[in-house]
Each structure stands twice: as C-alpha cells, then as structure tokens.
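Coordinate analysis (summary)
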Amino acid sequence: MKHNKEFILEYFKDWTSFKIDESMINDGEETVVGCIDICVSTKCNLRCKGCGSLMPLYNAPKDVPIDLILASLDKFFSVVDRVIRVNVVGGEPFLYKDLDVLIDYLNNNHKVNSVVLPSNGTFAPNNDKLYKLLSHPKNRVRISHYLSCEKKTDEIQKRFKENNIDYSVKEFSPDSYQWYDFGGYEFRNRTPKELEKQYDNCAVEWISIYRGKLYPCPRTAHAIDLGLMEPNDSFIIDLMKERSREELKTMIQDYIYGHKYYDCCNHCDRGTGTCTIIPIAEQMSE
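What you are looking at is a predicted structure, and each value in this text was computed from that prediction instead of being measured. (Residues numbered from 1 in each chain as written. Predicted model: local features only at pLDDT ≥ 70, side-chain atom pairs only at ≥ 80, totals over all residues. Heavy atoms only, no water.)

1. Some words on the nonpolar core
Counting residues in each nonpolar core, the largest one holds 74 residues, and the members touching the most others are Phe 76, Val 88, Leu 102 and Ile 252. The contact partners of Phe 76, leaving out residues within four places of it in the chain, are Val 33, Ile 36, Val 83, Ile 209, Leu 214, Leu 239 and Ile 252. One finds Tyr 146, Cys 149, Phe 172 and Ile 278 within the second-largest nonpolar core, a separate group that totals nine residues. (Core = buried A, V, L, I, M, F, W, Y, C linked by side-chain atoms within 4.5 Å. Buried < 20%, exposed > 50% of the residue type's maximum accessible area, 1.4 Å probe, protein only. Contact = heavy atoms within 4.5 Å.)

The following block contains the structure:
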C-alpha cells in the first residue's frame, strides 16, 4: 500500500509527543513511523511503585545485547523510510554500557529525525565519547525530576553543559504531572467499540522495540517478558524472523496505520478514564 506525504501529515497531525510538518519528510517516503521506543536495559537505580515500564518487577534485570539491538534496527529500517522521534529508554538508559554505540548508530542514520533519552538524571557515566556523541543536534535528554526522591542531578547536568548537550528537566509533582495505576494484566472483555475509544484516548504514541521484537507499547513488551501476559502474534512482530522485505514492509505498515486498537489493550486501563492517581515515584522496599 502506498502512503503519500499528504496521508502521513494528516495521520500524525494530532500527535502530541512531537509536531510534524512537511519539512520532516520527503516525497516518496511511504512508511513513516511517528515515534518508537528502543529499550536497551531493564536495569534501573530507582524502584518506583507503579512504574509504567514495570522495571521493579525484574528480579534479574539485564542489558539487551547491542548486537541484537542493531540487528533488529537494521531490519526495521530496511523497510521504514522515516522515524520522526526515537526514544532510547530503560530502565535507566545511562546505565547501559553500550549507549555510545547506539547513539552513534542513530546519529548516522539519515532516516531518524530526532532522538530523546528519558533519564532520572541520577547517574553520570564516565564516558567522554558518549557526551560528545550526545552533542549532535539530533539528541535531547529529558530528565524526570521526582520531588519524592532526593535526587542528585548536578553531576550529569554539569557534563551536559560542558558538552553543549540539549537537555531539559521535567518536574513531576501533584501540581504538575500525575502518575496513574493502569490496572492488572487480566483480560477485560471489552467490545471493539470500547477498545477503539480506549485506544483513541491512550496517550502512548510510540511503539516499542525490545529484544528484537516490535510491541504496541512498553507496558505490553515488559508484561509479556515478565510472564504477566501471554504473547500474541496479532500484536507482536518478530523483526529477526526470516521473511521477505515486502512481507515485513506490509506487516509494519499495517501495524502503524491499520490498527484502531490492539488486542493487548484489553489487558490495560490506560485511556479508559478509570485509572486512579498513585504517588509519584514512591520507592519500593527491598
């Protein structure tokens, strides 16, 4: 299926995680992805109750091998013309030992418009090469500052300033941004009409690449990885599976443009208006 520039601009016009205009894409680019998460690690130096990516539930958190990340991205970009925004996430991405390798890959990929690294800002790696790479104009670091944690972000902010790295600090508090409980992982038995409404109201505007597979969102990826949900081929694409380029291209186009909801939405309350507010970044006891 062909998707021209007019279709793409109309499709992404209401997305809030980024703003798209015609200068961001070229004529003839028919497979444009708005936003993807690349999860590099389940390691985190915080243990937040209600973590949307379920990081505290991992008993043995570990890195995703860089070779697997790059191989899956090569497959993905072999059929995708443009990604407006790439989120490099964890866990805490600055704990990932091969972060410089991934940032270098993304900096040199002409199909990537921008790269965002969400971080808790409490760990500053001793890696001069990484800071130099992050000074590339594609990159922006977003530090989430949780007032409930006595966080020390001075060190990493100093390194960002020294290297002219674009970064911002986002304050989370009851007066600014809230956290919500998205419920358990059991099947809700919602109707297709209810799921369409839920998906339309869900604020997650990025699909997730994790361990060589494509998922509708980070919560789904990690819930399946942790055994909390059963995997389902209707909402997972194994990027490392042998298939033709045309087959993979068609699958990803349908994944992006062809869904009014995903079956995994039936295991989540986000977008339903029923989620309760929970404390921000409350730390779990060991």
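2. Considerations on the side chain of Glu 205
Its place among the elements puts Glu 205 in the loop between helix 6 (192-201) and strand 7 (207-210). This buried residue, Glu 205, is left without a salt bridge; Arg 85 holds the nearest opposite charge, at 7.3 Å. Engagement of the side chain of Glu 205 in a polar contact is seen with the backbone nitrogen of Ser 17, the distance being 2.8 Å. Those residues in contact with Glu 205 that sit more than four places away from it in its chain are Asp 14, Trp 15, Thr 16, Ser 17 and Cys 35. (Helix = DSSP H or I, 4+ residues; strand = E, 2+ residues; numbered from the N terminus. Lys, Arg positive; Asp, Glu negative; His and termini not counted. Salt bridge = Lys/Arg side-chain N within 4 Å of Asp/Glu carboxyl O. Polar contact = N/O pair within 3.5 Å; in protein donor to acceptor, adjacent residues only side chain to side chain.)

3. Concerning the pattern of salt bridges
This structure, assessed with the given rule, holds 13 salt bridges. As a salt-bridge pair, Asp 27 and Lys 5 come within 3.6 Å of each other at their nearest N and O atoms. Here Lys 5 lies in helix 1 (residues 5-11) and Asp 27 lies in the loop between helix 1 and strand 1 (32-39), a separation of 22 residues in the sequence. Using a relative accessible area of 66% as the deciding quantity, one classes Asp 27 as exposed. Linked by salt bridges that have partners in common, Glu 186, Arg 188, Arg 190 and Asp 269 make up one network.

4. Considerations on the sheet that holds strand 4 (residues 139-146)
The strand order across the open sheet formed by eight strands is 5-4-3-2-1-7-8-9, and the pairing between neighbours is mixed. Each end of this open sheet is capped by a strand with a single partner; those strands are strand 5 (167-172) and strand 9 (237-238). Pairing geometry for strand 1 and strand 7, over three bridges, is parallel. The residue of strand 7 that forms the bridge with Asp 37 is Ser 208. Relative to the sheet, helix 7 (residues 218-225) contacts strand 1, strand 7 and strand 8 (213-215), its axis offset from that of strand 7 by approximately 35 degrees. (Pairing = 2+ DSSP bridges. Axes fitted to C-alpha atoms, helices over the stretch in contact; angles between N-to-C directions.)

5. Remarks on the pairing of strand 3 (residues 112-119)
Within strand 3, six of the eight residues are buried, which leaves the element mostly enclosed by the surrounding structure. Both strand 2 (residues 82-89) and strand 3 contribute to a ladder of four bridges, which runs parallel. For Val 86, the partnering residue across the bridge sits in strand 3 and is Val 115. Crossover handedness for the path strand 2 to helix 3 (residues 99-107) to strand 3: right-handed. With five bridges connecting them, strand 3 and strand 4 associate as parallel partners. Bridged to Val 116 within strand 4 is Arg 140. The handedness of the strand 3 to strand 4 crossover, carried by helix 4 (residues 128-134), is right-handed. (Right-handed = clockwise from strand over helix to strand, strands pointing away.)

Don't take any of this as a statement about function, it's just geometry.
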